[in-house]
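These are the residues of each chain, in order.
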Amino acid sequence: MRRQVILFALLTLLLGATFWVTSLGKVGIYSTFTYGDLLHSAWAHFKMVFIAVFIAAAMGVPLGILVTRPGFSPFALPVIGGASIGQTIPSLAVIAVMAPLLGFGLQSAVVALVIYGLLPILRNAYTSIRTIDPAIIEAAQGMGLTRMQIARKIELPLARPVIMAGIKVSTVITVGTAELAVLVGGEGLGKITLTGVFAQEPLIILQGAAPTAAMAITLGLILELAERRMTPRGLRLEPENTLGVVRHESNT
Amino acid sequence: MIRLEKVTKVYPDGTVAVREVSFEVVKGELCVLLGPSGCGKTTTMKMINRLTPMTDGSIYMDGLDNSTTDENELRRNIGYAIQDVGLFPHMTVGENIETVPALKGWTKADQRKRAEELLELLRMEPDEFINKYPRELSGGERQRVGVARALGGDPPVLLMDEPFGAIDPITRLELQNEFLKIQQEIKKTIILVTHDIYEAIKMGDKVALMKEGQLVQYAPPADLLFRPKDSFVASFVGADRGLKGLQLIRTKEVMWKSPPTANPEEKTDVAQERMKRHGIAWVAVIDPDGRFTGWAFASDTQGADRVKEITKTSTVAAGRNAVLSEALSLMLTSGSDVLAVVDQHNRLEGVVTFETIRNTMTEVVQKGVSQ
């Protein structure tokens, strides 16, 4: 709760800074970007993030779950490892490599962002299934649930919050990384930031960076809410004493 | 009811976990698979519901080879309760218990009715617990729900892997006693795995003692204690097997059912006369409502007029279902060689003496327990 208060304060500060710089109209010899430019770039930024995370989730969630299945366990390490390598390469390098391969434009930016955002989603999907208490699965098998029933009624509901957390982390990372998309011809708030860098004008850098940070925080908060909504009620409760301590006062 | 024939489990790496184990569990009996860890008892049990595929041999249930049934169909008719319980944390207690009934296609109303019945059977108030989540329960409550869930589809057979293992000793004792009572009602055919010899002796109609994948002795607990087949069995049951044997018998089975009693208002000489007639030196003093209040001893009668003047009040008493080890312990701690057996209203049901215990045990050692 306290964390959220801090985040909201930060959000207000960032949006305030954005409005302030925009309202200045001119800094030194440069004009600031207009509200129209800002909205346009923010929308392009969001679209790019949305597409990239959507693709990363569409690939990462099924793949992460697939490698937990008994027949596919040998692939778990290469797949997770592969995705880890994707993330260790600096994001700038990933993006830079894409331009010569796929040409300038949105497609290069999105592919780079997918590669970069895949790992948290993949890893969380994988762990979400793997960390389910084996006793739960054994009990389910022992009661005669089929593999599909176990996946649908037990594993997926229990895994859902962890999967959502992966998507959340990936989204927040991608909002930041998408700043660099402008380098390969993508649109987005990076364009404003980069203009500020070239002009060596901190306030214009701020005009691009502050809304980016605000977007990351906002999406993070929204997805956190979604994560909580998707957590089954029984999991939202704090585990109680695991000892056989009697907690009920007798009525007699 | 359940017959294992030369059941063998060999793992791909060549380890023989279970070697040609054969035994039969009679319908309605509780069979304990006992042995040190790694002896193959859990593996043996899991081959019955085919969670572990067997390498060789056959298992028959009601004469039907269980490898011919669809494995999920088979499991829905075999209750399964394990040490770690494995309750589904995202489902309520009710939903957990309704799992198998739902799989069997019962109507919603029947499922709910079954869940309520089972909670009641396990002495959990349905209204209070049915909508709770596993995380809101104590360890003991979870174990109960685990057992209730295993009974959900009303299976004729129940497999239990250390079902009372992961709880504190007091709750465990309570659950064991309750479960024995429940079993008297439901009469399921049960296979229970444990490494705890006390639990085996207490719970089992028969005990299958295993060692290194082989069945060493399959016998009623009294035979295991007093007629061990070899030195392994003897050492496993321990040198204190005589004391362990005390667990086999309940006070109600051996107590003196109509012991001499006296009313507090009675004349001491009348009471003394009664003692003489029975050749003993005590009478149990009970109040007009039949409640046990204490003892009057022959040695105190001199000069006393009424029984109440010499009554040594006592609150030490055992229930009719207490095992002899508990009875003996009560006698030793209260320093008395006679112990009252009372019902829940403290009404005297009988009396157990040191002599009763000694004679009973002599008989058990010689002849075994008559079931």
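Rules and cut-offs
Residues numbered from 1 in each chain as written. Chains lettered and ligands numbered in written order. Predicted model: local features only at pLDDT ≥ 70, side-chain atom pairs only at ≥ 80, totals over all residues. Helix = DSSP H or I, 4+ residues; strand = E, 2+ residues; numbered from the N terminus. Rg over C-alpha atoms; globule rule 2.2 N^0.38 Å. Contact = placed C-beta atoms within 7 Å. Buried ≥ 20, exposed ≤ 12 C-beta atoms within 10 Å, placed from the backbone. Domains from an automatic or database assignment. Nonpolar A, V, L, I, M, F, W, Y, C, P; charged D, E, K, R; others polar. Pairing = 2+ DSSP bridges. Axes fitted to C-alpha atoms, helices over the stretch in contact; angles between N-to-C directions. Core = buried A, V, L, I, M, F, W, Y, C linked by C-beta atoms within 7 Å.

Assigned secondary structure in chain A consists of 10 helices and two strands. Going residue by residue from the N terminus, the α and β elements of chain A occur as α-β-β-α-α-α-α-α-α-α-α-α. Here the C-alpha atoms of chain A give a radius of gyration of 23 Å, more than 25% beyond the 18 Å that 2.2 N^0.38 yields for 252 residues. Each of the three principal axes of chain A carries a C-alpha extent, and together these read 80 × 55 × 25 Å. Pairs at least 24 residues apart make up 76% of the contacts formed inside chain A by residues separated by at least 6 positions.

Broken down by element type, chain B carries 17 helices and 17 strands. Dimensions of chain B, computed from C-alpha atoms along their principal axes, come out at roughly 85 × 50 × 35 Å. Burial statistics for chain B: of 371 residues in total, 45% are counted as buried. Look at the contacts in chain B between residues 6 or more apart in sequence, and 62% of them connect residues 24 or more apart.

All names here are of chain B. Domain annotation of chain B identifies domain 1 (2–247) and domain 2 (252–364). Averaged C-alpha coordinates put domain 1 and domain 2 at centres separated by 40 Å. Counting residues at the interface gives seven residues for domain 1, matched by six residues for domain 2. Contributing elements (two or more residues each) for the side of domain 1 that touches domain 2: α10 (221–226) and α12 (241–245). Of the residues forming the side of domain 1 that touches domain 2, the biggest block, three residues, is contributed by α12. A per-class count over the side of domain 1 that touches domain 2 returns four nonpolar, three polar and no charged.

Another point: the sheet that holds strand β4 (residues 56–61) of chain B. Residues and elements named next belong to chain B. Ordered in space as β2-β1-β4-β5, the four strands form an open sheet in which the pairing is antiparallel. At either margin of the open sheet sits one strand with a lone partner, and together these are β2 (16–25) and β5 (64–65). Taken together, the five bridges between strand β1 (residues 2–10) and β4 define a ladder with antiparallel strand orientation. Bridging across to β4, Thr8 finds its partner in Asp56. Across the sheet, helix α1 (residues 41–48) lies against β1, β2 and β4, angled at about 120° from β1, the strand it touches most.

Across the boundary between the two partners, chain B contributes 28 residues, which contact 28 residues of chain A. Contributing elements (two or more residues each) for the side of chain B that touches chain A: α2 (71–76), β6 (78–82), α4 (99–103) and α7 (139–150) of chain B. A per-element tally of the side of chain B that touches chain A places α2(B) first, with four residues. Looking at the side of chain B that touches chain A, its residues break down into 12 nonpolar, nine polar and seven charged.

It is worth spelling out unusual backbone geometry at this point. Residues and elements named next belong to chain B. Positive phi, close to 45°, is recorded for Lys6, a residue that is not glycine. Take Lys6: it is sitting in strand β1. Residue class for Lys6 comes out exposed when judged on the 12 C-beta atoms lying within 10 Å of it. The phi torsion at Lys187 lies on the positive side, around 50°, for a residue other than glycine. Structurally, the position occupied by Lys187 is in the loop between α8 (169–186) and β8 (189–194). Accessibility expressed as a C-beta count within 10 Å gives 13 for Lys187, which makes it partly exposed.

Residues and elements named next belong to chain B. Strand order across the open sheet formed by three strands is β15-β16-β17, with mixed pairing between neighbours. Both outer strands of the open sheet, β15 (317–318) and β17 (348–353), are each paired with one neighbouring strand and no more. Both strand β16 (residues 338–342) and β17 contribute to a ladder of five bridges, which runs antiparallel. Paired with Val338 across the bridge in β17 is Thr353.

Here we take up the pairing of β16(B). Residue and element names in this part refer to chain B. When you tally the buried positions in β16, you get five out of five residues, the bulk of the element. Burial along β16 is two-sided: the residues Val338, Ala340 and Val342 and Leu339 and Val341 are all buried. Here β15 pairs with β16 via two bridges, running parallel. Bridging from a neighbouring strand, Ala317 pairs with Ala340 of β16. The turn joining β16 and β17, which pair antiparallel and follow one another in sequence, is formed by five residues; a positive phi near 65° is taken by Asn346.

Here we take up the nonpolar core. Inside soluble globular proteins, nonpolar side chains tend to come together where they are buried. Within the largest apolar cluster, 158 residues are counted, with the highest numbers of intra-cluster contacts made by Val32(B) and Ala208(B). For this core, the two domains that each supply at least three residues are domain 1 (2–247) and domain 2 (252–364) of chain B. Not counting chain neighbours up to four residues away, the residues in contact with Ala208(B) comprise Phe23(B), Cys31(B), Val32(B), Leu33(B), Leu34(B), Leu215(B) and Tyr218(B). Core analysis: the next-biggest nonpolar cluster, separate from the first, contains five residues, Phe33(A), Leu38(A), Leu189(A) and Ile204(A) among them.

A few words on helix α6 (residues 134–142) of chain A. What α6(A) keeps buried is the set Ile136(A), Ala139(A), Ala140(A), Gln141(A) and Gly142(A). In this structure, the buried side of α6(A) is in contact with α7 (147–177) of chain A together with α2 and β6 of chain B. Directly beyond the C-terminal end of α6(A), a positive phi value near 90° is found at Gly144(A).

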